[in-house]
Each structure stands twice: as structure tokens, then as C-alpha cells.
Amino acid sequence: MDILIPAEIIALLEEPSLQTPVIVLHTRELNKVLPIWIGPTEARNIGNIMQGVQNERPLTHDLILMMVYAMSGKINKVVINRMEGTTFYAIIEMSQGERKIEIDSRPSDAVAIALKARVPIFITRELMEKEGQKNPFETTRTTRIQEKKEFTAEELQKMTEMLAEAQKREQQQ
């Protein structure tokens, strides 16, 4: 059985060299970060959820949650559980009564659903130990994110360096 470590989002930004959105997850237990490159649409959706933006019509993540709830189900947690090549994988764990169901997912969709459903995000210890990067910050940014404060120039430089290192590691695989 995989050991799960709680994770939190510490950044959602555009990686400068590739101009690609990246979500950065942090685990306090190991004090490591895991950058995951995602698509622009997914990044926009996650950003809107984080900022509490309400859409006029339901987006895919809203629709999925409405379907789960309509069937008396609930989302329990999401787990980023492995990496194959340069692709990360996740599962969404849900339940319907006593029945537990695990659904394969892209990490970006799993994170968006976790944020919408207000359930925890986990990363397997094995994945974090293998693919996690040294935390570029002295402390976590959780409080600053909740306060919606922006990165300082120094924090952006540290994040850029960490992302470049992560990119090199992924290309070597």
C-alpha cells in the first residue's frame, strides 16, 4: 500500500522558458515541491477556483461534481500517484455509500476537482521522494496564497531556478 503525504498548492504560474503553466505542490512532511506542467485551460480553471470566481454555466469540473452528488456520491481525496516517462498520473477517490471507487485522472483535473470539492490532495511518498524538488523557499507560502499576495522578485527567481532543474530531470528520463 502506498504511503500518502498531504500536499498543498503553493504556486500556479507560467514557466518562463516554455511559457507553459505549471502548478507547484508542496509537502510539509518532506519539505519538497513537485512541479507539474499543465495546459492553459486547466491552469485558468484552477486559478479561477482558487480565486473563487463563479462561472455563469457549469464547467466540466462542476458538472462532474454535480453528477457525483446527484448519485449520492462524494469525493474523498485525490492522489498524485505516479509518473511514467514525463507524464504524471492521479486518481480521484470517491465513494457511494460503502462502495469506494478510484478513477484515473490527469493531475490537473484531479486538483481542480479537489479544490471544488474541498477535499485533500495527496502525493505518494515514493513519487515525492523520487521526483520532488528541494523547496526553494524558507517557509511555505500557504498563508501568502490565502492572503492572495504575489511572489517577490527573489521568490520568482528561486521558483524559476527550481523549475529549470525539474525540467532537466524530466528530460533525462
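Keep in mind it's a predicted model, so treat the numbers as computed, not measured.

Asker: How should I be thinking about the pattern of salt bridges in this particular structure?
Answerer: Close approach of charged atoms allows side chains with opposite charge to pair. One pass over the full model with this rule turns up eight salt bridges. Among the salt bridges present, the one from glutamate 8 reaches arginine 28, with a minimum N-O distance of 3.2 Å. A residue pair is termed long-range when its members are at least 10 positions apart, and glutamate 8 in strand β1 (residues 4-15) and arginine 28 in the loop between β2 (20-27) and β3 (32-37) qualify at 20 residues. The class of arginine 28 is exposed, set by a relative accessible area of 54%. Taking the shortest distance from any N to any O, the salt bridge between glutamate 129 and arginine 125 comes out at 3.1 Å.

Asker: Can you help me understand a nonpolar patch on the surface in this one?
Answerer: On the surface, Leu63, Met66, Met67 and Met71 cluster together to form a nonpolar patch covering roughly 400 Å² of accessible area. Within the fold, methionine 66 resides in helix α2 (residues 60-70). For methionine 66, a relative accessible area of 44% translates into the label partly exposed.

Asker: I'm lost on the nonpolar core in this one. Help?
Answerer: Across soluble globular proteins, nonpolar side chains have a tendency to be buried as a group. Residues Leu34, Ile36, Ile75, Ile80 and Ile123 are the most contacted members of the largest nonpolar core, which totals 32 residues. Considering each element in turn, this core owes the most residues, six residues, to helix α3 (residues 107-117). Ignoring sequence-local partners within four residues, the contact set of isoleucine 123 consists of Ile3, Leu4, Ile5, Ala7, Leu25, Thr27, Leu34, Ile80 and Met128. Among the nonpolar cores identified, the runner-up in size contains ten residues, and Ala11, Val24, Phe137 and Met159 belong to it.

Asker: Could you clarify how one ought to interpret the confidence of the model for the protein chain in this entry?
Answerer: Low-pLDDT stretches of the model should not have their predicted coordinates read in fine detail. When pLDDT is averaged along the protein chain, the result is 87, and 88% of the positions lie at 70 or above. Averaged pLDDT values over the elements of the protein chain bottom out at 48 in helix α5 (residues 142-146) and peak at 98 in strand β7 (residues 121-124).

Asker: Which parts of the structure should I look at to understand α2?
Answerer: Side chains three or four residues apart in an α-helix point the same way, a direct result of the helix having 3.6 residues per turn. For α2, the set of buried residues is His61, Asp62, Leu65 and Val68. Along α2, the residues classed as buried sweep out an arc of 125° about the axis, all on the same side. Seen from the open side of α2, the exposed residues pointing more than 90 degrees away from its buried face are Thr60 and Ala70. At its buried positions, α2 is contacted by α1 (40-51), β4 (73-84), β5 (87-96) and α3. Just past α2, the residue serine 72 takes up positive phi, approximately 55°.

Parameters at a glance
- Residues numbered from 1 in each chain as written.
- Predicted model: local features only at pLDDT ≥ 70, side-chain atom pairs only at ≥ 80, totals over all residues.
- Heavy atoms only, no water.
- Salt bridge = Lys/Arg side-chain N within 4 Å of Asp/Glu carboxyl O.
- Helix = DSSP H or I, 4+ residues; strand = E, 2+ residues; numbered from the N terminus.
- Buried < 20%, exposed > 50% of the residue type's maximum accessible area, 1.4 Å probe, protein only.
- Patch = residues over 30% accessible without salt bridge, like charges linked within 9 Å, V, L, I, M, F, W, Y side chains within 5 Å.
- Areas by Shrake-Rupley, 256 points an atom, 1.4 Å probe, with all protein chains shown as cover.
- Core = buried A, V, L, I, M, F, W, Y, C linked by side-chain atoms within 4.5 Å.
- Contact = heavy atoms within 4.5 Å.
- pLDDT = per-residue confidence, 0-100.
- Arc of directions from axis to C-beta.

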